[in-house]
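Survey of secondary and tertiary structure
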Amino acid sequence: MLKNLIKRQRTLDDLKHKSSLDMPVFILVRPQLAENIGMAARAMMNCGIYDLRVVSPKVSVTDEKALSASSGADAILKSAKVFDSVDEAVSDLKFVMATTARSREVAKPVITTCQLDECLNTLSLPLSSVGVLFGCERTGLENTELTLADILLTVPLNFAHTSLNLSQAVLLVGYAFFTVMSSDASNKAETPKAEPATKGEISAFLNKLNLTLTQKGYYSADDKRPKMENNLNNIFLQRQLSSHDIRTLHSVLRFLTKK
């Protein structure tokens, strides 16, 4: 029994080591049911995607029901990283997609899973720097969370009934990535000349920018501040900024605030 346990604990590391595929990060936001977390892990394993992150789950990721529902994909659950916020979960990523089937107030580019290959080849990023957000079962993703995404990703289904449960969404999106990972075209993507900024770098700049504007009295009306701040953040979040861009913006801020 001990040998079997050790063997099972090593499964995920072995899979990652043996796999030649570059894979994305899947992020479950506020999942409510242990069974759904387990079935999502199972769907990920089906598609050869092993990097799972979970934001503010209602139950433990390694809950007995989750492990049972994973049907052998428990290694993914045991190595999953848990975060308190979406902002923390995407901080080291360079491109984030948010899955949604509904129109939103947040103005973002929208692609379907059928267009995923073209989108990723245009980005020319390693998939390990790409994250996909999946909202909770009841309400999906909030607009503030969608703001952190670079693009919205939808599954083309019957327009009259687009509702999917969490594991179905993970499986369909996972399969779209699996076909990209398995294609020859994705393996020939060139490394971009300008290194894209991570979400953490962008977030740090926006925090500094908004702090500076607060100190200068830009946000004079408290009731309008959230909308003003959100609109300003979107100017930067809607663009694929590089690390060099962020360093330049920081230097501009230092120049404008120096005494």
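Chains are numbered independently. Their residues run from 1 in the order of the written sequence. Confidence filtering applies because this is a predicted model: local features only for residues at pLDDT of at least 70, side-chain atom pairs given and counted only at 80 or more, and all residues used for totals across whole chains, interfaces and linings. Neither water nor hydrogens contribute to the side-chain values; these are computed over all heavy atoms in the structure.

Turning to the pairing of strand β2 (residues 51–55), a few remarks are in order. Think of it in three bands: with a 1.4 Å probe and only protein chains considered, a residue is buried below 20% of the maximum accessible area for its type, exposed above 50%, and partly exposed in between. Each helix is a run of DSSP H or I of at least 4 residues and each strand a run of E of at least 2, with the numbering of both proceeding from the N terminus. Burial analysis of β2 places four of its five residues in the buried class, the great majority of the element. The rule for pairing is simple: two strands pair if DSSP sees at least two bridges between them. Examined bridge by bridge, strand β1 (residues 25–29) and β2 share five bridges and lie parallel to one another. Bridge assignment links L28 to a residue of β2, and that residue is V54. As paired elements, β2 and strand β3 (residues 81–83) share three bridges and run parallel to each other.

Right, let's talk about helix α7 (residues 116–123) for a bit. Inspection of α7 places L116, C119 and L120 among the buried residues, and these make up the whole buried set. Buried positions in α7, seen along its axis, are confined to an arc of 95° and lie on one side of it. What points out from α7, more than 90 degrees from its buried face, is the exposed set E118 and T122. Residue contacts follow a heavy-atom distance rule, with two residues in contact if any of their heavy atoms lie within 4.5 Å. Packing partners of the buried residues in α7 comprise β4 (95–99), β5 (110–112), β6 (130–134), β7 (151–154) and α9 (166–182). S124 sits one or two positions beyond α7 and adopts a positive phi of about 55°. Our arc is simply the arc of the directions from the helix axis toward the C-beta atoms.

As a further point, take the side chain of N234. Secondary-structure assignment places N234 in helix α12 (residues 225–237). Setting aside its immediate chain neighbours within four residues, N234 contacts K108 and T147.

Close inspection of predicted coordinates is inappropriate for parts of the model with low pLDDT. Taken residue by residue, the protein gives an average pLDDT of 84. The fraction at 70 or more is 86%. pLDDT is a per-residue confidence score from the predictor, ranging from 0 to 100. Mean pLDDT across the secondary structure elements of the protein bottoms out at helix α1 (residues 2–9), with 44, and peaks at β1, with 97. A low-confidence stretch, residues 1–10 stays under pLDDT 50, and its non-local contacts, those more than four residues away or across chains, total three contacts.

Once that is clear, we can look at the pattern of salt bridges. Salt bridge, as used here: a side-chain nitrogen of Lys or Arg that lies within 4 Å of a carboxyl oxygen of Asp or Glu. For the structure shown, the criterion picks out six salt bridges. Between E145 and R30 there is a salt bridge, with the nearest N and O atoms lying 2.3 Å from each other. Here E145 is found in helix α8 (residues 143–146), whereas its partner R30 is found in the loop between β1 and α3 (34–46), with 115 residues between them in sequence. Across the pair D92 and R53 runs a salt bridge, and its minimum N-O distance is 2.8 Å. Of this pair, D92 sits in the loop between α6 (86–89) and β4 while R53 sits in strand β2; the two residues are 39 residues apart in sequence, bridging distant segments of the chain. Its relative accessible area of 43% is what places D92 among the partly exposed residues. For R53, a relative accessible area of 5% gives the class buried.

Attention now goes to the packing of aromatic side chains. When the centres of two rings from Phe, Tyr and Trp lie within 6.5 Å, Trp using its six-membered ring, the rings pair. Their planes under 30 degrees apart give stacked, over 60 give edge-to-face, and anything left gives tilted. Taken as a whole, this structure holds four aromatic pairs when the rule is applied. A centroid spacing of 6.0 Å and a plane angle of 70° characterise the contact between F26 and F177, whose relative ring orientation is edge-to-face. Of this pair, F26 sits in strand β1 while F177 sits in helix α9; the two residues are 151 residues apart in sequence, bridging distant segments of the chain. Side by side, F26 and F177 carry an identical accessibility label, which is buried.

As a further point, take unusual backbone geometry. Not every positive phi belongs to a glycine, and R30 is a case in point at roughly 50°. Its identity as a non-glycine residue notwithstanding, S56 has a phi of 45°, on the positive side. Examined against the element boundaries, S56 turns out to sit in the loop between β2 and α4 (64–69).

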